[in-house]
Amino acid sequence: MTADENPLLEGLTTRRAPEPCALAIYGASGDLTQRKLMPALYSLALRRLLPERFAVVGVGRSASTDDEFRARIREGIEQHARDPFQTDAWERLAAGMRYVSADPGTDGGTDELWRALGEVDAERGLGGNRIHYFAVPPTAIGSLIEDIGQHRHEQPGWTRLVIEKPFGRDLASAEQLNAEIAHHFVESEIYRIDHYLGKETVQNLLALRFANGIFEPIWNRQFVDHVQITVGESMGIEGRAGFYEESGAIRDIFQNHLLQLLALTAMEPPSDFSADAVRNEKVKVLRSLHTPGPKNIVRGQYGRGFVEGIEVAGYREEHGVARDSTTETFVAAKLYVDNWRWADTPFYVRAGKRLGKRETTIAIQFKRAPHPPFEISSVEPLKPNVLLIHVQPDEGVSLAFAAKVPGQGMALRTVHMDFLYGGAFRTGLPEAYERLILDCMLGEATLFTRADEVAEQWKLVDAIVAPWQRDQPGFPNYPAGTWGPAVADELLHRDGRSWRRH
Ligand SMILES: NC(=O)c1ccc[n+]([C@@H]2O[C@H](COP(=O)([O-])OP(=O)(O)OC[C@H]3O[C@@H](n4cnc5c(N)ncnc54)[C@H](OP(=O)(O)O)[C@@H]3O)[C@@H](O)[C@H]2O)c1
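Residues numbered from 1 in each chain as written. Predicted model: local features only at pLDDT ≥ 70, side-chain atom pairs only at ≥ 80, totals over all residues. Heavy atoms only, no water.

J.: Looking at this structure, how should I read empty space enclosed by the protein?
T.: Left-over empty space is what a probe sized like a water molecule reveals as it rolls over the atoms. Inspection of the entire model under this criterion finds two cavities of 30 Å³ or more. Counted as a void, the largest cavity has a volume near 90 Å³. In this structure, the largest cavity is lined by Ile-163, Glu-164, Lys-165, Phe-167, Arg-192, Ile-193, Asp-194, Gln-255, Asn-256, Thr-449, Val-454 and Gln-457. Of all the secondary-structure elements, those providing two or more residues to the lining of the largest cavity are α9 (241-266) and α13 (451-465). Here the second largest cavity defines a volume of roughly 60 Å³. Leu-197, Val-202, Gln-203, Leu-206, Leu-264, Val-278, Lys-282, Thr-446 and Leu-447 together form the lining of the second largest cavity. Mapped by element, the contributors of at least two residues to the lining of the second largest cavity are α8 (200-210) and α10 (275-288). No other element matches α8, which puts three residues into the lining of the second largest cavity. Broken down by class, the residue content of the lining of the second largest cavity amounts to six nonpolar, two polar and one charged. (1 Å grid on protein atoms, 1.4 Å probe; cavity = no way out; pocket = protein on both sides within 12 Å on 5 of 7 lines; lining within 4 Å. Points joined across faces, edges and corners; volume = space filled by probe spheres on them. Helix = DSSP H or I, 4+ residues; strand = E, 2+ residues; numbered from the N terminus. Nonpolar A, V, L, I, M, F, W, Y, C, P; charged D, E, K, R; others polar.)

J.: Any chance you could explain the domain arrangement of the protein chain here in plain terms?
T.: You'll often see interface size given as the accessible area lost when the parts meet. Here the protein chain is described as being made up of domain 1 (7-164) and domain 2 (197-493). Summed over both sides, the interface between domain 1 and domain 2 buries roughly 2000 Å², with carbon and sulfur atoms accounting for 69% of that surface. Residue Lys-36 is joined to Glu-431 by a salt bridge in which the shortest nitrogen-to-oxygen separation is 3.8 Å. Counting across the interface, domain 1 meets domain 2 through five residue pairs in polar contact (both at pLDDT 80 or more). Among the elements of the structure, α1 (7-13), α2 (31-46), β4 (130-134) and β5 (159-163) are those that each provide at least two residues to the side of domain 1 that touches domain 2. Tallying contributions element by element places α2 first for the side of domain 1 that touches domain 2, with seven residues. A class-by-class count of the residues in the side of domain 1 that touches domain 2 yields 19 nonpolar, one polar and six charged. (Domains from an automatic or database assignment. Buried area = accessible area lost by both parts, 1.4 Å probe. Salt bridge = Lys/Arg side-chain N within 4 Å of Asp/Glu carboxyl O. Polar contact = N/O pair within 3.5 Å; in protein donor to acceptor, adjacent residues only side chain to side chain.)

J.: Sorry if this is basic, but what is going on with the environment of Gly-168 here?
T.: Secondary-structure assignment places Gly-168 in the loop between β5 and α7 (171-182). The exposure class assigned to Gly-168 is buried, which follows from its relative accessible area of 13%. The spacing of Gly-168 and Thr-139 is 29 residues in sequence and 8.6 Å in space, taken between C-alpha atoms. Excluding residues that lie within four positions of it along the chain, Gly-168 makes contacts with Ser-173, Ala-174, Leu-177 and Trp-458. (Buried < 20%, exposed > 50% of the residue type's maximum accessible area, 1.4 Å probe, protein only. Contact = heavy atoms within 4.5 Å.)

J.: Sorry if this is basic, but what is going on with unusual backbone geometry here?
T.: For residues other than glycine, phi is negative in most cases, and the peptide bonds are mostly trans. Residue Gln-392 is joined to Pro-393 through a cis peptide bond whose omega torsion reads -15 degrees. Checked against the element boundaries, Pro-393 lands in the loop between β16 (386-392) and β17 (396-404). Cis geometry marks the peptide bond from Phe-475 to Pro-476; its omega dihedral reads -10 degrees. With respect to the helices and strands, Pro-476 occurs in the loop between α13 and β19 (478-479). The backbone of Glu-308 sits at a positive phi, close to 50 degrees, despite the residue not being glycine.

Below you can see the structure in the form of structure tokens.
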């Protein structure tokens, strides 16, 4: 595939090539590795974006041979990669792929891993450069970091750590994890993943705001009435009750994806696109977030209902979920960014499972025209302008404005000016993990979250959930397939507003 056939490749091919390195993936027997990480590596291999000299070492406690590991990964790529399977790209990737069984919890439990890393370094000429990717539950990370820290100076080259969300489960545990990391590593070696930041549309939000002169002057309290951010999933918990019972919507989505989308929407223009310039501006927004009082926070849990025409069980009926579980599967909030640009402009945000459909959007609703000199139309009441950023699916941007209906008189109707990625660029979008893995290989940390951002996100969540321990919520309070509990609608109705219709 050439850049002529694929304009997206054009941008990518102008980047410098990553240095040789080994990628050790811990949790290589898990879901994330099979469904996301290896398909992303395959797509990079297909486009020849991986380093010329490269190796993947899958690490897990389970026993497996290299061949069994390769067979499972191949299956994952065939099922989940965005590109059709091509033998030559697969063989290039598979040639540098091995599996090592290791357990940092036991004495000498990682000796074989360090031996294997040394071997691939020598065989492939990797210069000792290593990325350690933790695709394991958060509780497993501490002992791995300690083990890597103790071995890191045995070889030349750089070491980078990629840590999946959730980073901790509250401020105290996140700070403890950061302290453990700081024992052996510096911040610039840490790549905390929030995969939303790797999505094309999320990066396009920055392009939209900072590469176009027309939006910035109106991107503030003078012109914006309010902002709505929705991260809706139609899926349930997909058999991950153990994980979800511990996290709930506020830790799974609100603490990371939702607050990152808000920060990117509200941030000041950075002086450049370097990691620290962008992250400095995001962290200022997170610090300016006012903790919402109980009236401005809504939580919910789905009961039995219909999603896309199919009857589905309620959350408490899911396998592995406690019958009296008080875990929230929905959270909505009215947030304020207490700064000069956004004072008194509400940011209504919501995230939930088993909602009407899968949809992530950011809607910037502008103030109404002060005095439209037209008679009120009989077609429909005049609506305010909305700039809608579709993060997923149907990636694109749409602007709603009023237009005259053809014919006699001055009837008006809202119309949409749409930019759709698929239509404009005629190409599939890279998966977020492709971008993020490549950025980590290049040492570019702009799209990863910094320790202070994560801390600010947890501070807000801790303050919100503190009173939750005291009151018993009346769960379930919304049927699966709807847009959350009625109280979430009241959050906006009180202010004379409503959630965007879907
Ligand atoms: N799946 C997703 O779509 C997704 C999305 C975003 C973030 N994440 C995050 O990515 C991480 C991995 O997710 P996953 O869905 O792949 O999880 P998973 O399938 O439950 O587990 C991944 C692997 O981790 C290993 N593991 C489990 N407990 C361990 C322990 N105590 N010590 C060492 N290794 C252990 C297991 O392999 P062995 O038994 O062979 O060691 C397991 O196969 C989690 O932090 C998750 O929150 C996942």
